[in-house]
Amino acid sequence: MDLFFHFTDPILRAPTIGCILMCLSASLAGVVLLFQRKLLISETISHAAYPGAIGGIFLLSFLGPDFERFSFIAVLVGALFSSWLGLQSIRWLERKWKISSDASLCFVLAVFFGVGVLLASGLQQVQPMWAQQGHILLFGQAATLTDEHMVMYGLMSLACFLFIVFAFRPLQAILFDRAFAKSIGIPTKFVERIFFILLLVSIVAGIRSVGVILISGMLIAPAVAARQFSNQLKTVFWLAAMFGAFSGWIGSILSAKFSLPTGPMIVLVGAFFAVAGLLGSPKRGVVFRLIRQAAFHLRCMEENVLKGLWKTEMDRHALKRLYPSMLSFVLFRLTRHGWIQKKGFVFALTSDGRTKASAIVRLHRLWELYLTEQMGRDPQCVHTSAEEMEHVLTPEIEERLTKLLSDPKQDPHSQPIPERSSL
Amino acid sequence: MKSALEMDQLSVGYDRHTVLWDVSFSIPAGIMCCVLGPNGAGKSTLLKTALGLIRKMSGKIDFFGEPLEISRSRIAYVPQRESVDWDFPITSLDVVLMGRYGKLRSMQKLRKADREAAQNALELVGMSAYAKHQIGELSGGQQQRLFLARALVQNPDLFLLDEPFAGIDLATEKILVDLLKKLSSQGKTIIVVHHDLPTVPEYFDWALLINRHLIACGPLSEVFHRENLLKTYGKTASLFDEAVKLSAKSKIGL
Amino acid sequence: MNPYTDVNFFEFFWVLGKRIWQFATGGGTGLATATDEIQLGVLACCSIACGLLGPFIVLKRMSMFANSLSHTTLLGIAGAFLFASHWWGSGMTDLSTLLIGACISAILTAGLTEILSRVFRLAPDASIGLSFTTLFAIGVILVSVFTRDAHISTEAVTGNCDALQLSDFRLALSVAMINIVAVIVFYRPLMLIAFDEPYLRALGFSAPLWRVCLFFLTALTVVCSFRAVGVLVVLALLVGPYLTARLFCHRLKRLVIWTPLCGVGISLLSVALSRAILSSAGVALSTGGILTLTTALVFVGGTVLRTVIGRAKPKLTLHMR
């Protein structure tokens, strides 16, 4: 019940819905920048928008105090103009003067923002009544968003969404290999121009709610988060939109609840999703990778013990000498799974264990043979590699090896290769 | 006699795939050896791992019987041209003088001997006229010669060159090869990552054939023949590649 | 009485020159330093500090990283402020506390960026972007939680050149001196790490050590400039003078001298301009803002000059980055 209140209450609905919509379009734009490795351009564009916004307010202020309710439009137009100017400056520095993209971004960011600071100080002195409008642009003020903002953000998100839907294939081609896309006739320049317009619009609009300095966070975090969960561009777009929308929603609720500034709160929620993705994503997340690594290591140890016992039964003492690490745990697991059993003081394979162990030994010896026959290796040197490979080779590779080596019966050391286990 | 470069069961993997696997060989001192293999075979990786620029997963590497830390001063590295930003604001002479930085302590000024050695090196490669030019003004061949000059001032016993003949004109290639042969005749060991098979018999004495693993290493007469070349550049090792990739992936939990 | 009151742009230099002459010829006993002069001194020292490091930072493609450092300094300052006021009750003027806080935040930023880049294998732009927006957001929230005073954030971002004191000058001077010494002593490894890091390692130097050194010097410079020009304007000083000097000079050893000089010239022009505008229009504009504008104008002027020379002497090649 409490959650829906944010969507229906006339004061709260604009900030909440507005933030969600704004984050939605920002995150979609962010995905494109992520794949182009140009995320930091959002940082420069947002800072470049600042002087235009202040300039817009400045000009409007001369029209008189009645025009204050149009400051929203003045900010938008001014910001769009100066951020466009910033974008052109970056291009000029990179193309005409061959300055590295890193330095161009930084210089344009600093210069434009500095000019913005200059204008803001002027505004403070000349038209102090209007200066507040400039202040809120630095860190945003979502709480005072109105229904007009909401409608505008809605249109903007729709435009971004439609662009991505209609231009998906060319976009995908351009992001993957721009030169190739151009060579097969895709209008790369046109698509990129439209994208940049949408980028400018989403950044400039986002400044009102999240602020100049933090808006780039809303492009970066959801895109990074989404990327951790998928390799397909389409899925990444959907996930980024979802993460962005959630960040906007939860961020604005939390900020209202704890009376904290909205912009940083939204960015923090977005960053939370990004970190969660980096750590916990099933495919690429660090946590799962560490778990899989440990599981693999354990499996290798278990299989080595099985191999050892395949050759001969051993008591604990002998096992300890050959396999010193974590022996008790390994033996416990092997017994529990039914691969080995204890006969008095001695451990031996069960019949199931024998089958399993033979399969591993088979892989080991097949690989040794492959290395000596097909790869021209010295039989003395192949044992270590086989020790590694026996845990990894799949049944499919085993099948190919068998065929390639013509179902061999002996390994390079004249030891018999166990038969394929009939399943 | 101690071998110039010896590797024992070296494995190098990074990211998703093992790039070098279980490589063992020994190259004696004083010869000119080429490293051959298709794209992605791990040739550059071999050199970079030897120099400690890439971390190895396992195995041993020795130069003249000693590990890298001890024999470093006897080795010179000539990297690929693309590895450097040629718009950097320094002159050719500055680049060559870099070769001496390893031998100086932090604030020690460059001595007259260092500067003369740099001038001599520039002359040996035919670049004296460009000593004061900014390096971006140089052509590809000149840039390559500059890198070799930088290696020369280090006075090394072993030269490691990564694709030095890629994308340069024939005249420059001839100058470089003549220079390298002269060095080799003086007893220096030259190891070159090479990509142009037809020129191998003319330029080199030994060959190291790799394709993610060692195919062969030895004098040209023994190893540079059709069967080995097929194994190196042919497609028969796809099963090997797959298996090796699987192993590397499991180790990092992917 | 401030000797610079009501002077116009050109009179400023005249008064300045006169006072320097007075000071140099020993008549300086009765002279108190004017605020303009303190401002000039601090800005000049910041320009020198930034100008010495600028070439290395731009060449090593660390400019946007310096940007992220400058943002998160706010977090450090805020953290230090709360710490100080909670435990010791001292306020914002305690410089050493703030410096420590800012240094901690610098380490956090660099650490987080490196972790994201190496352990999580994020692309460089994503690592930088994610780490600093997160840390910056935390900083803003901390500030608003504990102080409810928006001005601290704004001031840290924009700087307040007009409230500078002698202690700020001493700080800026020390940083400038440290950078001068560092660049002289460590010129070779710094140059190598920007030009050819693998070769640096092949020679046996430790790349991490020198990267940390460069980072540390950058952090120190950024942190110490925050008070005067705000953390964002210092970036213009790091990058702008180098880009301008690079239009004309292609030797690093000379660039390391010309860049700070260019920066000092820009500072001089900015302070004079700021005073002139105050005198003529009665509006006290932000000197930091004027400084960035001047940097941009000087760069644009440089490009015009470069193009003119290029047309006159077409043989001169145009290589810069």
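What you see is a predicted model; the values in this text were computed from it and never measured. Residue positions within a chain follow its written sequence, with the count starting from 1. Written order determines the labels here, with chains lettered from A and ligands numbered from 1. Owing to the predicted nature of the model, reporting of local features is limited to residues with pLDDT of at least 70; listing and counting of side-chain atom pairs is limited to 80 or more, with chain, interface and lining totals taken over all residues.

**Student:** Pulling in residues and values, what's your account of the overall build of chain B?
**Tutor:** Helix and strand assignments follow DSSP, with helices taken as H or I runs no shorter than four residues and strands as E runs no shorter than two, numbered in order from the N terminus. Along the backbone of chain B there are 10 helices and nine strands. Radius of gyration here is computed from C-alpha atoms only, and the compact-globule reference equals 2.2 Å multiplied by the residue count raised to the power 0.38. For chain B, whose C-alpha radius of gyration is 19 Å, the value lies close to the compact-globule estimate of 18 Å for 254 residues. Taking the principal axes of the C-alpha coordinates as reference, chain B spans close to 55 × 40 × 40 Å. Three classes are used. A residue is buried when 20 or more other C-beta atoms lie within 10 Å of its own, exposed when 12 or fewer do, and partly exposed in between, with C-beta atoms placed from the backbone. Burial status across chain B gives 44% buried among its 254 residues. Sequence separation of at least 24 residues holds for 73% of the intrachain contacts in chain B that already meet a minimum separation of 6. A pair of residues counts as a contact when their C-beta atoms, built from backbone coordinates, are within 7 Å of each other.

**Student:** Residue-level account of the overall build of chain C, with values.
**Tutor:** The secondary structure content of chain C amounts to 12 helices and zero strands. The linear arrangement of helices and strands in chain C, starting from the amino end, is α-α-α-α-α-α-α-α-α-α-α-α. Of the contacts formed within chain C by residues at least 6 apart in sequence, a portion of 75% connects residues at least 24 apart.

**Student:** Summarise the interface of chain A and chain C; cite the residues concerned and give the values.
**Tutor:** Note: interface size is frequently given as the accessible area lost on complex formation between the parts. Contacts between chain A and chain C engage 47 residues on the former and 51 residues on the latter. Residue assignment for the side of chain A that touches chain C shows that the elements contributing at least two residues are helix H5 (101-126), helix H6 (131-139), helix H11 (215-229) and helix H13 (262-280) of chain A. Here the element with the most residues in the side of chain A that touches chain C is H5 of chain A; it accounts for 17 residues.

**Student:** Lay out the sheet that holds strand E2 (residues 340-343) of chain A with the relevant residues and their values.
**Tutor:** Reading across the sheet, the three strands line up as E1-E3-E2 (chain A) and stay open at both edges, with antiparallel pairing between neighbours. Whereas interior strands pair on both sides, the edge strands pair on one side only; in this sheet they are strand E1 (314-315) and E2 of chain A. In this description, strands pair whenever DSSP reports at least two bridges between them.

**Student:** So what about the interface of chain B and chain C? Which residues, and what values?
**Tutor:** Counting residues at the interface gives 22 residues for chain B and 21 residues for chain C. Residues were grouped as follows: Ala, Val, Leu, Ile, Met, Phe, Trp, Tyr, Cys and Pro as nonpolar; Asp, Glu, Lys and Arg as charged; and all remaining residues, including Gly, as polar. A breakdown of the residues in the side of chain B that touches chain C according to their chemical character gives 11 nonpolar, seven polar and four charged.

**Student:** Explain the sheet that holds strand E9 (residues 214-219) of chain B to me, using residue names and the numbers behind them.
**Tutor:** Residues and elements named next belong to chain B. In space, the six strands of this open sheet follow the order E5-E6-E7-E3-E8-E9, with mixed pairing throughout. Strand pairing shows two members of the sheet lacking a second neighbour, strand E5 (75-78) and E9, which therefore form its edges. For this sheet, the mean angle separating the axes of adjacent strands, direction not counted, is 15 degrees. Direction of pairing for strand E8 (residues 206-210) relative to E9: antiparallel, over a ladder of five bridges. Paired with Leu 208 across the strands is Cys 217, a residue of E9. In this analysis an axis means a line fitted to C-alpha atoms, helices contributing only their contacting stretch, and an angle means the value between N-to-C directions, from 0 to 180 degrees. Most of the contacts of helix H1 (residues 43-50) go to strand E6 (residues 158-162), to which it runs at about 140 degrees, and overall it touches strand E3 (32-36), E6, strand E7 (189-193) and E8.

**Student:** Account for helix H6 (residues 170-185) of chain B, with residues named and values stated.
**Tutor:** All names here are of chain B. Across its 16 residues, H6 extends 22 Å between first and last C-alpha, which sits within 8% of the 22 Å expected from 1.5 Å per residue. By the burial criterion, the buried members of H6 are Thr 172, Ile 175, Leu 176 and Leu 180. Projected down its long axis, H6 shows its buried positions confined to an angular sector of 125 degrees, all on one face. Among the exposed residues of H6, those oriented more than 90 degrees off its buried face are Leu 170, Ala 171, Lys 174, Asp 178, Lys 182 and Ser 185. Among the structural elements, E3, helix H5 (140-152) and E7 are those in contact with the buried residues of H6. Positive phi shows up at Gly 187, right after H6, with a value of about 100 degrees. Helix span, as expected, comes to 1.5 Å for every residue beyond the first. Our arc is simply the arc of the directions from the helix axis toward the C-beta atoms.

**Student:** Break down unusual backbone geometry for me, with residues and values.
**Tutor:** A positive phi angle, near 55 degrees, is found at Ser 259 of chain A, a position not held by glycine. For Ser 259 of chain A, the position within the fold is in the loop between helix H12 (233-258) and H13. At Gln 9 of chain B, a position not held by glycine, the phi torsion is positive, near 50 degrees. Its 14 C-beta neighbours within 10 Å are what place Gln 9 of chain B among the partly exposed residues.

**Student:** Outline the pairing of E3 of chain B, listing residues and values.
**Tutor:** All names here are of chain B. With five of five residues buried, E3 lies mostly within the body of the structure. As judged from the four bridges shared by E3 and E7, these two strands associate in the parallel manner. By the bridge assignment for E7, Val 35 is matched with Val 193. Bridging between E3 and E8 involves four bridges; their strand directions are parallel. Bridged to Cys 34 within E8 is Ala 207.

**Student:** For the confidence of the model for chain C, give the residues involved together with the corresponding values.
**Tutor:** All names here are of chain C. Mean pLDDT over chain C: 83, with 85% of residues reaching 70 or higher. Predictor confidence is given residue by residue as pLDDT, running from a minimum of 0 to a maximum of 100. Mean pLDDT across the secondary structure elements of chain C bottoms out at helix H6 (residues 150-158), with 58, and peaks at helix H8 (residues 187-195), with 91. Counting contacts from residues 316-321, a segment whose pLDDT is below 50, to residues more than four positions away or on other chains yields 19 contacts. With a pTM of 0.87, the predicted complex shows an ipTM of 0.90.

**Student:** Any chance you could break down the nonpolar core for me, citing the residues and the numbers?
**Tutor:** A set of buried residues drawn from Ala, Val, Leu, Ile, Met, Phe, Trp, Tyr and Cys, joined through C-beta atoms within 7 Å, is what defines a nonpolar core. Ranked by size, the top nonpolar core spans 292 residues in total, and within it Val 96 and Leu 160 of chain B together with Val 239 of chain C carry the most contacts. For this core, the element with the highest residue contribution is helix H10 (residues 207-246) of chain C, accounting for 20 residues. Contacts of Val 96 of chain B, omitting those with residues within four sequence positions, involve Ala 118, Ala 121, Leu 122, Leu 146, Ala 149, Arg 150 and Val 153 of chain B.

**Student:** Which residues make up the environment of Gly 185 of chain A, and what values go with them?
**Tutor:** Its location among the elements puts Gly 185 of chain A in the loop between helix H9 (178-183) and helix H10 (188-210). Sequence-wise, Gly 185 of chain A and Pro 170 of chain A are 15 residues apart; in three dimensions their C-alpha atoms are separated by 9.8 Å.

**Student:** A description of the packing of helix H3 (residues 41-61) of chain A against H11 of chain A should follow, citing residues and the corresponding values.
**Tutor:** All names here are of chain A. Between H3 and H11, the shortest axis-to-axis distance is 8 Å and the interhelical angle comes to 160 degrees. Our classification of the angle between H3 and H11 gives roughly antiparallel. Note on packing geometry: the crossing formed by H3 with H11 is right-handed. Contacts between H3 and H11 pair Ser 42, Glu 43 and Ser 46 from the former with Ile 215, Ser 216 and Leu 219 from the latter. Reported orientations rely on four angle classes, namely roughly parallel under 35 degrees, roughly antiparallel over 145, roughly perpendicular from 65 to 115, and oblique for the rest. Left-handed describes a crossing whose near helix is turned anticlockwise from the far helix by less than a right angle; the clockwise case is right-handed.

**Student:** How would you summarise the environment of Leu 109 of chain A if you had to cite specific residues and measurements?
**Tutor:** Mapping Leu 109 of chain A onto the fold places it in helix H5. Counting along the chain gives 63 residues from Leu 109 of chain A to Ser 46 of chain A, while the straight-line C-alpha distance between them is 8.3 Å. Setting aside anything within four residues of it in sequence, one finds Leu 109 of chain A in contact with Glu 43, Thr 44, His 47 and Ala 48 of chain A together with Asn 67 and Leu 235 of chain C.

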